[in-house]
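# Results of the structural survey
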Amino acid sequence: MIVFPNAKINLGLNVIRKRSDGYHDIESVLWPIKLCDILEIIPAPDKQFRFYKSGASLPDDWKPNLCEQAWQLLHNRFGIDPVHVFLHKIIPAGSGLGGGSSDAAFTIKALNQFFSLDQSKENLANLALMIGSDCPFFIENKPMIARSRGETLEPISLPLNGLNLLLIVPNVHVSTAFAYSKVKPREPQKPLREILSFSVNNWQNNLQNDFEEPVFDEFPSLREIKEQLLRSGAIYASMSGSGSSVFGLFENPISDSVQEAFAGYFFWKEQLA
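Residues numbered from 1 in each chain as written. Predicted model: local features only at pLDDT ≥ 70, side-chain atom pairs only at ≥ 80, totals over all residues. Heavy atoms only, no water.

### Let's talk about the overall build of the protein chain
Here is the rule: Runs of H or I in DSSP of at least four residues are treated as helices and runs of E of at least two as strands, each being numbered from the N terminus. Each radius of gyration is computed over the set of C-alpha atoms, and the globule rule expresses the reference value as 2.2 Å times the number of residues to the power 0.38. Residue burial is assigned from relative accessible area. The probe radius is 1.4 Å, only protein chains are included, and a residue is buried under 20% of its type maximum, exposed over 50%, and partly exposed in between. Residue contacts follow a heavy-atom distance rule, with two residues in contact if any of their heavy atoms lie within 4.5 Å. Only the protein chains shown count as cover for residues, and the accessible areas themselves come from Shrake-Rupley with a 1.4 Å probe. Residues scored as charged are limited to Lys and Arg (positive) and Asp and Glu (negative), so that His and the chain ends carry no count. Charged groups are reduced to one reference atom each: NZ for lysine, CZ for arginine, CG for aspartic acid, CD for glutamic acid.
For the protein chain, the count of helices and strands is nine helices and 12 strands. Relative to the compact-globule value of 19 Å for 273 residues, the protein chain shows a C-alpha radius of gyration of 19 Å, a close match. Classification of the 273 residues of the protein chain by burial places 51% in the buried group. Put simply, of all contacts in the protein chain between residues at least 6 apart along the chain, 75% involve residues at least 24 apart. Carbon and sulfur atoms make up 48% of the accessible area of the protein chain, which amounts to about 12,700 Å² in all. Taken as two groups, the 25 positive and 30 negative side-chain charges of the protein chain have centres that lie 2 Å from each other.

### Examining the environment of K18
Summarising the element assignment, K18 is placed in strand β2 (residues 6-18). Residue class for K18 comes out exposed when judged on its relative accessible area of 57%. Sequence separation between K18 and N65 is 47 residues, and the spatial gap between their C-alpha atoms is 27 Å.

### Some words on the packing of helix α1 (residues 66-78) against helix α2 (residues 99-114)
Note the cut-off: Note on method: axes are straight lines fitted to C-alpha atoms, helices fitted across the in-contact stretch only, with angles between N-to-C directions ranging 0 to 180 degrees. Left-handed describes a crossing whose near helix is turned anticlockwise from the far helix by less than a right angle; the clockwise case is right-handed. Three classes are used, and their members are as follows: Ala, Val, Leu, Ile, Met, Phe, Trp, Tyr, Cys and Pro are nonpolar, Asp, Glu, Lys and Arg are charged, and the others, Gly among them, are polar.
Remark: α1 packs on α2, axes separated minimally by 8 Å, with the N-to-C direction vectors making an angle of 35°. Of the two elements, α1 crosses α2, and the hand of that crossing is right-handed. When α1 is examined against α2, the residues L66, C67, A70, W71 and L74 are found in contact with a partner set consisting of G100, S101, D103, A104, T107, I108, L111 and N112. Among the residues making up the contact of α1 with α2, the classes are represented as eight nonpolar, four polar and one charged.

### Describing the pattern of salt bridges
Here is the rule: Salt bridge, as used here: a side-chain nitrogen of Lys or Arg that lies within 4 Å of a carboxyl oxygen of Asp or Glu.
Counted according to the given criterion, the structure contains 16 salt bridges. With its nearest N and O atoms 3.1 Å apart, the salt bridge here joins R19 to D25. The exposure class assigned to R19 is partly exposed, which follows from its relative accessible area of 22%. Relative accessible area serves as the criterion here: at 14%, D25 is assigned to the buried category. For D46, the salt bridge goes to R50, with nearest N and O atoms at 2.5 Å. According to the relative accessible area criterion, D46 is partly exposed, its value standing at 32%. Judged by relative accessible area, R50 falls into the partly exposed class, the value being 35%. One continuous salt-bridge network, built from bridges that share partners, spans R17, R19, D21, D25 and E187.

### A closer look at the packing of aromatic side chains
Think of a pair of aromatic rings as described by two things: how far the centres are apart, and how the planes are tilted against each other in angle. Note the following rule: Between 30 and 60 degrees the pair is tilted, below 30 it is stacked and above 60 it is edge-to-face, where a pair is any two Phe, Tyr or Trp rings, Trp via its six-membered ring, whose centres lie within 6.5 Å.
Evaluation of the coordinates by the stated rule reveals eight aromatic pairs. Taken together, a centroid distance of 5.6 Å and an interplanar angle of 85° make the contact between W203 and Y236 edge-to-face. Taken as a pair, W203 in the loop between α6 (192-196) and α7 (212-218) and Y236 in strand β10 (residues 236-239) lie far apart in primary sequence, 33 residues in all. Take W203: its relative accessible area is 0%, and that puts it in the buried class.

### Quick look at the sheet that holds strand β4 (residues 38-43)
For the record, the criterion: When DSSP locates at least two bridges between a pair of strands, those strands are taken to pair.
Taken together, the four strands give an open sheet; going across it, the order is β1-β4-β6-β5, and neighbouring strands pair in mixed fashion. Since the sheet does not close on itself, it has two edges, and those belong to β1 (2-3) and β5 (50-55), each with one partner. Pairing between β1 and β4: two bridges, direction antiparallel. In the strand pairing of β4, I2 is matched with E40. This element, α2, spans β1, β4 and β6 (83-89) of the sheet and lies at about 35° to β4.

Shown next as structure tokens:
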């Protein structure tokens, strides 16, 4: 069985308060994009779980890997047999694109189908939450407002059809722990839904990612990428998640000259549907 765990971007990200359990209450729109990894699951002929990885590098702290965590969770819960998992990484790690969470969620969904467990999406989301706060989003994998730790999800429709996305990922790894240690939680001046009701052309001065200020201070090259996207004609540009990826939304097709301005960086472009 082969599946394609996709990435997401954040449209706005408010870090509202630190909770007594050590997590933070946040509010953000999670938007799935087509950039994806490749995940294959086959029966284990040696009756041992094995994980094989190729492609983009993973951080040293990705142990045990999230795909193995997902299998172990379902093995403990439902007694599923060992499998061999092959993951080809394309989504850069430490980029705020949710690649690891997506890999875990898609592993859960694929194992549910592979072993005919017949679990509902709600049950799968509850299992995914045991691995990470972002994981339940990738079970449904549709645009959502995320609240609380990121696991409280509400569907949302936004008029982004036809806009062109240009995503830039520099060779910078921003740890989520670092970003949260530097961010200053605050109540947003305007509710997220109110800002999202504005025309996309009016988002730039209103729809903000609270991680940008501390992360840009530590990694000034990310600020320059955002400014270059805006100079290149983006109607909205922002960092995704806790970084390091930065994206721009364009009304017109992205020209070769715009792409050339980011030569040397990993980039991805697509038309939003």
